[in-house]
Amino acid sequence: MKTDPETGVLSPFKFDQIEMEVPELKKFNFNLNTITFNPPIDSSNVTPDLWKQIAHVIHENYDAYDGFVVLHGTDTMSYTASALSFMTQNLTKPIIFTGSQIPIGVIRTDGKENLITAIEIAAAKENGRAVVPEVCVYFQDKLFRANRTRKHNAEQFNAFTSENYPPLAEVGINIQYNNAYIKQMDSFSPPFSIATELDTRVSVIRIFPGMDRELFRAMLSVPGLRAVVLETYGSGNAPTADWFIETLEEAIKRDLVILNVSQCPAGMVEMERYETGVKLQKIGVVSGKDITTEAALAKLMYLLGQNLAPGRLADQLKYPIRGEITL
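Everything quoted here is computed from the prediction, not taken from an experiment. What you see as residue numbers is a count from 1 along each chain, following the sequence as written. Since the coordinates come from a predicted model, pLDDT governs what is reported: local features require at least 70, and pairs of side-chain atoms require 80 or more to be given and counted, while whole-chain, interface and lining totals use all residues. Excluding hydrogens and water, the side-chain values take into account all heavy atoms of the structure.

In this section: unusual backbone geometry. In this structure, the amide linkage connecting asparagine 38 to the following residue, proline 39, adopts the cis form with an omega of 0°. Going along the chain from the N terminus, every DSSP run of H or I of four or more residues is numbered as a helix, and every run of E of two or more is numbered as a strand. Residue position: proline 39 is located in the loop between α1 (18–21) and α2 (48–61). Even without being a glycine, asparagine 307 presents a positive backbone phi close to 55°. Within the fold, asparagine 307 resides in the loop between α8 (293–304) and α9 (310–317). Using a relative accessible area of 64% as the deciding quantity, one classes asparagine 307 as exposed. Exposed residues in this analysis have more than 50% of their type's maximum accessible area, buried residues have under 20%, and partly exposed residues fall in between, with area computed by a 1.4 Å probe over protein chains only.

Structure below.
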């Protein structure tokens, strides 16, 4: 983003202006090329079609570069970065998402350090191999696995958190990589590829005290809906009212996949812990364990795009495919 000098309103700027705003980029001793999507957009307008465009750009340029940095608005960064983690297959190079809280043209912007460090991490190699061959989010001195992140702060520089998985790197005077938490590459990896078939017939429903029965039924009865991320209380708890359980059971019998995700930013769904969770488990609600809502949504779109049968889909949701949940 850049502040319009006439209106004072934040609006997207073209990436080809970046070297003017961050002249330090010229000091890197490696080739740095840029691609700008046209037109640049506010991240609030991001759609799965844009995720596909990003994936295609990386795929088309994969063999020519050691790593990739994606400048992205913070509001939907975790959604996009999580989606890219699922859409990219056999990844052996870093894809680092970053951005800023203060517009790039402002003197105090955090965007400069974020961008410079993200590029350094994207280019980092050890023994000829990428140090972090993952899709990540770098923000204010921490590198996170992308599908573990969520935006938690709109006012401070530490905009992102990863409550259920440690940072992959911490940045001070030096960059300290936490190798134990970084995905290790196989000695032989199949060719890099992308999966861009996404099914967006997914919804997020957050339960709350006093939720209306007919409203809940209506949300689960949207024509064409295939899956729902159900945000429940604490460790996966929900109302025990007969109408609530029955409505979910009816939806599951129509082959609607229900993924149980906690409203809490930290911790995990443990449906066997309380009576309500056990009831949900018995009717076929799938535990999302410690997955974030952002990653849950992206994972469902990705798996639904593979045209899996409901039973197979539910099984795939129970296990990590890109390190997005803890077993």
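This paragraph deals with the packing of helix α3 (residues 77–87) against α8. The interhelical angle for the contact between α3 and α8, taken along N-to-C directions, is 40°, at an axis separation of 8 Å. Considered as vectors, α3 and α8 are oriented oblique to each other. Considering how the two elements wind past one another, α3 and α8 form a crossing that is right-handed. Contacts between α3 and α8 involve Ser78, Tyr79, Ser82, Ala83 and Phe86 from the former and Glu294, Ala295, Leu297, Ala298, Lys299 and Tyr302 from the latter. Of the residues assigned to the contact of α3 with α8, the class counts are 7 nonpolar, 2 polar and 2 charged. Fitted lines through C-alpha atoms give the axes, limited to the stretch in contact for helices. The angle between two N-to-C directions lies from 0 to 180 degrees. In what follows, roughly perpendicular refers to angles from 65 to 115 degrees, roughly parallel to angles under 35, roughly antiparallel to angles over 145, and oblique to any angle outside these ranges. Left-handed describes a crossing whose near helix is turned anticlockwise from the far helix through less than a right angle; right-handed describes the clockwise counterpart. Contacts were defined at the residue level, with two residues in contact if any of their heavy atoms lie within 4.5 Å. Basically, the charged four are Asp, Glu, Lys and Arg, the nonpolar ten are Ala, Val, Leu, Ile, Met, Phe, Trp, Tyr, Cys and Pro, and anything else, Gly included, counts as polar.

A word on the pattern of salt bridges. If the charged atoms of two oppositely charged side chains come close together, the side chains can form a pair. We define a salt bridge as a side-chain nitrogen of Lys or Arg found within 4 Å of a carboxyl oxygen belonging to Asp or Glu. Considering all chains together, one arrives at 14 salt bridges under this definition. The salt bridge involving arginine 206 is made with glutamate 231; its shortest N-O contact spans 3.1 Å. Highlighted residues: arginine 206 in strand β15 (residues 202–206) and glutamate 231 in strand β16 (residues 227–232), separated in sequence by 25 residues. You can call glutamate 231 buried: its relative accessible area is 9%. Note that glutamate 250 and arginine 217 form a salt bridge whose closest N and O atoms lie 2.7 Å from each other. Residue glutamate 250 is located in helix α6 (residues 242–253), and its partner arginine 217 is located in helix α5 (residues 213–220); the two are separated by 33 residues in the primary sequence. According to the relative accessible area criterion, glutamate 250 is partly exposed, its value standing at 36%. Overall, arginine 217 belongs to the partly exposed group, its relative accessible area being 24%. Members of the salt-bridge network, linked through shared partners, are Asp199, Arg201 and Arg226.

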